Amino acid sequence: MTTLTAPIAEARAAKRAALDELAGKRLLASFGISVPKSVLVQDADAAAAACGSLKPPLVLKVVSPDILHKSDAGGVKVGLEGAVEVGDAVRAMMKHPAMENARIDGFLLEEMAPAGVEVVVGGLRDPQFGPLVMVGLGGVFVEVLADVAFRICPITRLDAEEMLDELKGAALLRGARGRKPVSREAVMDVLLKVGGERGLLMTHGEDIAEADINPLIVSEHGAIAVDARFVLTQ
Amino acid sequence: MTRNVIEQFKPLFEPKSVAVVGASTKGGTLPNVFIRRIREFGYTGAIYPIHPSAESIDGLKAYRSLGDTPEPVDYAYIAIAAAQVPPLLAEARGRVRFAQVISSGFGEVDEGKELQETLAAAARAGGMRLIGPNCLGIYTPRGRVTFTETAPAESGPVGIISQSGGLGTDIIRRGLTRGLKFSGLITVGNCADISANDLLEFYLADAQTRVIGLYIETAGDGRRLFEILRGARAVKPVVILKGGRTRQGRAAAVSHTGSLAGDDRAWAALSKQTGCVMADTLDGFIDALLAFQALAPQPRRPTRRVVLFGNGGGASVLATDQFARLGLDVETFDKQTVDELARLKLPPGTSITNPVDAPVGTLQLEEGRVAEKILAAIYGSGRPDALVMHLNLSAFAGRTRTEVLDNLVQAALRVQARYPGQAHFVLVLRSDGEPALEERKRAFRARAAALGIPVYDEIANAGAALAALAFHERFIHARPRDS
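Enquirer: For this particular structure, what's the right way to read the overall build of chain B?
Expert: Regarding its fold elements, chain B presents 18 helices and 18 strands. Taking 483 residues into account, the globule formula puts the C-alpha radius of gyration at 23 Å, and chain B, at 26 Å, falls close to it. For the C-alpha atoms alone, the extent of chain B along its principal axes is close to 80 × 60 × 40 Å. When the 483 residues of chain B are sorted by exposure, 51% land in the buried category. Of the contacts made within chain B by residues no fewer than 6 positions apart, 74% connect residues no fewer than 24 positions apart.

The following block contains the structure:
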């Protein structure tokens, strides 16, 4: 049990208001949710050296409690193929103006997820109802159209299925416009691991004010949490 | 558990003795009115006025405190100045089971929040359960107690919990006009002790109650509401009218999830996960309750196909569109049904597919009995899940006798009886507000309601009520209780 709660306990001990990406992914992995294989490094040399243990293409992301939107701050570089590219990318990122005044905990070097449909899975502590779980399709569907479905935790498998059916963009998962259908089952599994009876939010709902898995990349065969953010309760 | 909650609340819904605090020797106060109302309503148990000095009030011997009555009190009705209530409760010495505090000036205003804490503590010290404060009372036909001037004496299947007293009165009065019959209605106000959730558990267990309606502004313990409803598995339809559903500020939200979650999202989720129906307006609330009171849910075959039958072509076209938006299909008939209707050789201008537009000239054939042949053809091969008979009384005005309308309804009931359990039957009586017509409509509605038919003012209202019923049916269909 201690290993399950470790990322939250560590963040609490460090008096942080949120989990960093690596801690968030450790938390997800402890509930059986797939996350990309990754290594946390502190500098360009360590990053280059770590390439051997990972399968390219790789993605490099800054880890900082001060940077909420990594892409906007120049803190994400994708499609890196080898040690030289990775080392250069770390050096370039460190010189980015947004990094100068930020606390940098390191750089996350991880394997890129295979292509798929981007889904957002979220969690929230509602003052009246306790933990809620959310699902939506990534990009404009969530950000512009607010095409999302909420449920009160714990959810059942049928609830998870109905959440997906409720999305206006539900057809995208079924393979709209000539694309291959992706695994609805994989999304439902993640929803249950987050919002089900023994899921993450039912276990840690007291500690988690808000959670975003964004994106969860869903392919024909599975779903992988590519980024995760957990805001802790006050 | 079920047994316990019934036993616990029985003295509230069927009090053997009632204490009334705040009545004056001169009469005219709300508690005086309450004494008169429960006597007129047929309450035969003991009534004990509580008064610091009077010998008697309204012809009843008065007592000094709640602890001084000759026998313990099941229900105390209290309407005195807020500050005087806590000392009064504290003196009860465990001899009062339920105290309903009508007085306001407690938690609903900032300066009364502390007093409400004191009140709750005093109720505990006095050994009673507390309802309110800041409410209007209870209407319980089984106990012959009512706080309203006009209330149906007959009990029925609809149990109501209202956080607002005034709205509770509206529900009883409008419900009376519409044919709603209640197992009880209790106004709970600020819920300093007994919550809407506690009473929801009672109604779920109560054999008289088949349908439950809640008006709530603050969920209090929303988590428990969710758990109670989830545990009940829609065994009884629950309709919730929620005040303050609009998005509340979540200025601090930093995640997508946080910024997307308005208060309404949780209530919508509650509905989808527990099968409770969310109503948006008081009329929609009453419309849905009326459907659940009158119509037996058919979860094996959730309502989808609706036949519209009546006069008013444009109205039925508009209704067809609205029904489609609600997930109800007003599908055209298949060839067999159309052929059977064609054989009736109805007058020109009568549509023989769905929606069945039948002008007054058609509806008054055989003094209205023609409807039996039309509906028999439709039920025989069309297999509708619901029939909406809509009559625009304006078009009948000056052309037909009242019997024609009755005959139309009787014809529908005869066909209904031949196909038991096939279709929900609802009636829409449309009018234009002209006084004589309104009077005719009122009388006709009362006759139809007495036959157990739910009657609506517009087809749109009937559609929304049927959609609520269909939602409940689909919920049970997807989550069968025997699984």
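Enquirer: I tried to follow unusual backbone geometry on my own but got confused; where do I start?
Expert: Peptide bonds are, in most cases, trans, and in most cases residues other than glycine have a negative phi. The omega torsion of the bond from Cys-153 of chain A to Pro-154 of chain A falls at 5°, within 30 degrees of zero and hence cis. Locating Pro-154 of chain A in the fold gives a position in the loop between strand E8 (148–152) and helix H7 (157–166). A cis geometry characterises the amide bond from Asn-214 of chain A onward to Pro-215 of chain A, with omega recorded as 5°. Relative to the helices and strands, Pro-215 of chain A is located in strand E9 (residues 208–218). Not every positive phi belongs to a glycine, and Lys-345 of chain B is a case in point at roughly 45°. Summarising the element assignment, Lys-345 of chain B is placed in the loop between helix H12 (335–343) and strand E15 (356–357).

Enquirer: Which parts of the structure should I look at to understand the interface of chain B and chain A?
Expert: Bring the parts together and some accessible area is lost; that lost area is often taken as the interface size. Listed as interface residues are 20 residues of chain B and, on the opposing side, 26 residues of chain A. Looking at the side of chain B that touches chain A, the elements with two or more residues in it are helix H7 (222–232), helix H8 (256–260) and helix H9 (263–274) of chain B. Ranked by residue count, the leading element in the side of chain B that touches chain A is H9 of chain B, at six residues. Along the lines of polarity and charge, the residues of the side of chain B that touches chain A split into 10 nonpolar, six polar and four charged.

Enquirer: Any chance you could explain the sheet that holds strand E18 (residues 455–456) of chain B here in plain terms?
Expert: In a beta sheet, neighbouring strands are held together by backbone hydrogen bonds and run either parallel or antiparallel to one another. Residue and element names in this part refer to chain B. Ordered by their spatial adjacency, five strands build an open sheet running E15-E14-E16-E17-E18, and the pairing between neighbours is parallel. The two strands at the open ends of the sheet, each matched to only one other strand, are E15 and E18. Looking at chain direction, strand E16 (residues 386–392) and strand E17 (residues 424–430) are connected through seven bridges and run parallel. Paired with His-390 across the two strands is Val-428, which belongs to E17. Lying on the sheet, helix H18 (residues 459–478) is in contact with strand E14 (306–310), E16, E17 and E18; it crosses E17 at an angle near 155°.

Enquirer: Please explain the domain arrangement of chain B as it appears in this structure.
Expert: Residues and elements named next belong to chain B. Per the domain assignment, the segments of chain B are domain 1 (2–134), domain 2 (152–294) and domain 3 (306–478). Spacing between the C-alpha centres of domain 2 and domain 3 amounts to 30 Å. With 14 residues of domain 2 at the contact, the number on the domain 3 side is 16 residues. By residue number, the principal contributor to the side of domain 2 that touches domain 3 is helix H10 (residues 282–294), which donates eight residues. Residue composition of the side of domain 2 that touches domain 3, grouped by class: nine nonpolar, three polar and two charged.

Enquirer: Quick question: what am I supposed to make of the domain arrangement of chain A here?
Expert: Partitioning chain A into domains gives domain 1 (6–19 + 23–33 + 115–232) and domain 2 (37–111). Put simply, the middle of domain 1 of chain A and the middle of domain 2 of chain A, counted by C-alpha atoms, are 25 Å apart.

Enquirer: Looking at this structure, how should I read the nonpolar core?
Expert: For soluble globular proteins, nonpolar side chains are generally found buried alongside one another. Within the largest apolar cluster, 227 residues are counted, with the highest numbers of intra-cluster contacts made by Leu-191 of chain A together with Leu-466 of chain B. Sort the elements by how many residues they give to this core and H18 of chain B lands first, with 11 residues. Not counting residues up to four positions away in its chain, the partners in contact with Leu-466 of chain B are Ala-291, Thr-303, Val-306, Leu-328, Ala-386, His-424 and Val-426 of chain B.

Enquirer: What's the story with the confidence of the model for chain B in this structure? I'm lost.
Expert: Should the pLDDT be low somewhere, the predicted coordinates at that spot are not to be read in detail. Residues and elements named next belong to chain B. Across chain B, pLDDT averages 93, with 95% of residues at or above 70. Across residues 248–253, confidence stays below pLDDT 50; counting only partners more than four residues off in sequence or on other chains, it has eight contacts. Our summary of model confidence lists the complex with pTM equal to 0.93 and ipTM equal to 0.90.

Cut-off values and rules
Residues numbered from 1 in each chain as written. Chains lettered and ligands numbered in written order. Predicted model: local features only at pLDDT ≥ 70, side-chain atom pairs only at ≥ 80, totals over all residues. Helix = DSSP H or I, 4+ residues; strand = E, 2+ residues; numbered from the N terminus. Rg over C-alpha atoms; globule rule 2.2 N^0.38 Å. Buried ≥ 20, exposed ≤ 12 C-beta atoms within 10 Å, placed from the backbone. Contact = placed C-beta atoms within 7 Å. Nonpolar A, V, L, I, M, F, W, Y, C, P; charged D, E, K, R; others polar. Pairing = 2+ DSSP bridges. Axes fitted to C-alpha atoms, helices over the stretch in contact; angles between N-to-C directions. Domains from an automatic or database assignment. Core = buried A, V, L, I, M, F, W, Y, C linked by C-beta atoms within 7 Å. pLDDT = per-residue confidence, 0-100.

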